[in-house]
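Remarks on the overall topology
What follows is the residue order along each chain.
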Amino acid sequence: MNERQYDRRRFLHGGAAGLGALGLLALPGVRSAARAAGPLFDPVGPIVPIRALPDRLFRITVCLRPFRAVGPRIETEQVGRKLIVHNYGHGGSGWSLSWGSAAVAVRKAFEAGGTGDIAVIGAGALGLTAALTAQRAGARSVTIYARERFPDVRSARATGTWSPDSRVALTDQVGPEFAAAWEQMTRQSFATYQSYLGMPGNPVEWTDRYSLSQDPPMPAGGAAHGQSAMAGFIDLGDRVRDLTPRAQELAPGQHPFPVPFARRNSSLTFNVSTLSHLLTEDFLAAGGRIEHAEFHEPADLGRLKQKTIINCTGYGARALWKDESIVPVRGQIAWLIPQEGVNYGLSYKHLSVLARRDGIVVQDLGADDRFGYNDANETVDRAAAEASVAVLAEIFAGAAAPGAAPVPALQG
């Protein structure tokens, strides 16, 4: 297993809440070994194994992430008498960068005199946060126009992890100012999401993540960054390393998984169902309106009464604005029924798993970081979903009820 498989882009840059006190069932043979391995500041206790069974799949979704080699498009354009402020093309970082990019887009709108009536096109993560940001900045009225709303928008099919530089740009395509602008958006988003912690329904919460490996970890700053460089995607995580805890290496016996090595970290999880409902309710409660509308070309925006329009159409901007710079990055998620006490994430082989309140997200990340790149197929692949669940089942093959003979654990 190489470092990319072990680290998997630092398991999507972090990551599900402490397992120790929540264990109902321990993997066999680890409690005594953990004690013998020496104390940890925050020891890992027994965990609740995930029921990785195909009949627990309650849905399968496919999302096309709107990737642009030069990064998100946040700029103005005049279309007839309308000022368009574009805010799209965030790749796999839509939720994570949403508040920060909204602040930039709204500022551009206000600088152009759009402090009165503002229209927002799109009701996904970028659209809702832009609309709320405009309201909070003092816009007289804000209306969202969209063909789809949650749960039908692509943002509803996101993984739900804090990943501000996930497929956000190519290293050799961005300008010299990109890194600083990205960092500002990242910090703004991170700060805003803190206000949603501890709210009813846990729209945002800190959770622990575990990267599992048969091999010992490689030195920090080694192959993980090299793999990203080979794929070409920019890796800016070091600029905001202070936002999340450092990863902790767990030796054999210090963790309850049937593999020798694990790495633990903590990061933000977005429970997208709750979060999207909360953002929608906040927008409507502040006097916002959402109207159904379809736009097939920029000239269609001429029928709107608002002169200032923030365009948050995501992957839809490729067709609406004929923007061929948008490249689809396909991702499929197999959703397992939520389980009481299962609130952690896993990275194993090419698999990413994140237990959320609205389901356990199981995603095959493929053999390399280009998996799904330039693939616009949104057809669900049931066989692939079941195969990813089977890989997850390997992790818990050694789990057994007390007194029962354990199932053989992971092999090689």
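You'll find the structure just up there.
The notes below deal with the structure included here. (Residues numbered from 1 in each chain as written. Predicted model: local features only at pLDDT ≥ 70, side-chain atom pairs only at ≥ 80, totals over all residues. Heavy atoms only, no water.)

1. Examining the packing of helix α4 (residues 125–136) against helix α7 (residues 272–285)
For the pair α4 and α7, the least separation of the axes is 10 Å and the interaxial angle reads 35°. Note that α4 runs across α7; the crossing there is left-handed. Contact residues: L128, T129, A131, L132, Q135 and R136 in α4; S276, L279, T280, D282 and F283 in α7. Tallied by class, residues from the contact of α4 with α7 come to five nonpolar, four polar and two charged. (Axes fitted to C-alpha atoms, helices over the stretch in contact; angles between N-to-C directions. Helix = DSSP H or I, 4+ residues; strand = E, 2+ residues; numbered from the N terminus. Left-handed = near helix turned anticlockwise from the far one by under 90°. Contact = heavy atoms within 4.5 Å. Nonpolar A, V, L, I, M, F, W, Y, C, P; charged D, E, K, R; others polar.)

2. Brief notes about the pairing of strand β8 (residues 261–270)
Within β8, ten of the ten residues are buried, leaving the element largely enclosed by the surrounding structure. Both strand β6 (residues 204–213) and β8 contribute to a ladder of ten bridges, which runs antiparallel. When the bridges of β8 are listed, T207 appears paired with S267. With three bridges connecting them, strand β7 (residues 248–250) and β8 associate as antiparallel partners. From the neighbouring strand, E249 faces β8, where its bridge partner is R263. (Buried < 20%, exposed > 50% of the residue type's maximum accessible area, 1.4 Å probe, protein only. Pairing = 2+ DSSP bridges.)

3. Observations regarding unusual backbone geometry
P151 follows F150 through a cis peptide bond whose omega is 10°. Tracing the sequence through the fold places P151 in the loop between β5 (141–146) and α5 (178–193). The phi dihedral of K322 falls on the positive side, at around 50°, and the residue is not glycine. If you trace the backbone, K322 turns up in the loop between α8 (317–320) and β11 (326–336). Although it is not a glycine, K349 adopts a positive phi angle of roughly 55°. Topologically, K349 is positioned in the loop between β12 (344–348) and β13 (351–356).

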